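# Commentary on secondary and tertiary structure
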Amino acid sequence: QVQLVESGGGLVQAGGSLRLSCTASVRTFSNYDMGWFRQAPGKERDFVAAITWNGRTTYYADSVKGRFTISRDNAKNTVILQMNSLKPEDTAVYYCAADRTYSGSYSSSYEYDYWGQGTQVTVSS
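Notes on the structure in this doc start here. Values in this document were obtained by computation on a predicted structure and should not be read as measured data.

## Some points on the nonpolar core
By size, the foremost hydrophobic cluster in this structure holds 36 residues, and its most contacted members are Met34, Trp36, Val79, Leu81, Met83 and Tyr94. Of all the elements in the fold, those that place two or more residues in this core are β3 (18–25), β4 (33–39), β5 (45–51), β7 (68–73), β8 (78–83), β9 (92–99) and β11 (119–124).

## Brief notes about the packing of aromatic side chains
With the rule as written, the count across this model stands at 7 aromatic pairs. Aromatic side chains Phe37 and Tyr112 sit 5.2 Å apart centroid to centroid with 80° between the ring planes, which places their arrangement in the edge-to-face category. With a gap of 75 residues between them, Phe37 in strand β4 and Tyr112 in the loop between β9 and β10 (114–115) connect regions that are remote in the sequence. For Phe37, a relative accessible area of 1% corresponds to the buried category. An aromatic cluster of three or more residues is present, and its members are Phe37, Phe47, Tyr112 and Trp115. Cation over ring: Arg45 sits above Trp115, and NZ or CZ is 4.9 Å from the ring centre. One cation-aromatic arrangement involves Arg100 over Tyr32; the distance from NZ or CZ to the ring centre is 5.7 Å.

## Here's the deal with the sheet that holds strand β1 (residues 3–7)
Spatially, 4 strands are ordered β1-β3-β8-β7 in an open sheet, and the strand pairing comes out antiparallel. In the strand order of this sheet, the two ends are held by β1 and β7, each with one partner. Mean inter-strand twist for the sheet, computed between neighbouring axes without regard to direction, equals 15°. As paired elements, β7 and β8 share 6 bridges and run antiparallel to each other. In the strand pairing of β8, Thr69 is matched with Gln82.

Rules behind the numbers
Residues numbered from 1 in each chain as written. Predicted model: local features only at pLDDT ≥ 70, side-chain atom pairs only at ≥ 80, totals over all residues. Heavy atoms only, no water. Core = buried A, V, L, I, M, F, W, Y, C linked by side-chain atoms within 4.5 Å. Buried < 20%, exposed > 50% of the residue type's maximum accessible area, 1.4 Å probe, protein only. Helix = DSSP H or I, 4+ residues; strand = E, 2+ residues; numbered from the N terminus. Phe/Tyr/Trp six-rings, centres within 6.5 Å; stacked < 30°, edge-to-face > 60°. Lys NZ or Arg CZ within 6 Å of the ring centre and 35° of its normal. Pairing = 2+ DSSP bridges. Axes fitted to C-alpha atoms, helices over the stretch in contact; angles between N-to-C directions.

Here it is as structure tokens:
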């Protein structure tokens, strides 16, 4: 069982930045690819970014490319989502997810085995 805890959400003005963290309670964090998703009110949960177990490869949704950066520190069991140039449309609950065995699509929520509780990000205009 893997427990994921997100932190770092909050209220920020458009153009600002936030840094989300996700810490995993697991013996071997490097066994997992990691992803970030977000869900706005009344909408489906959407892919934001993913990173492979060794941190060498990253993936981004088109809507966040060039503004968000995903990274990880396996020694600290942590994955980070650095969010810059935030827009009101980035407002959502952001979820961290862990994937034990790659099945073909990091952008699909079905790929992931474990989820955090989420952290709210609100961007004001």
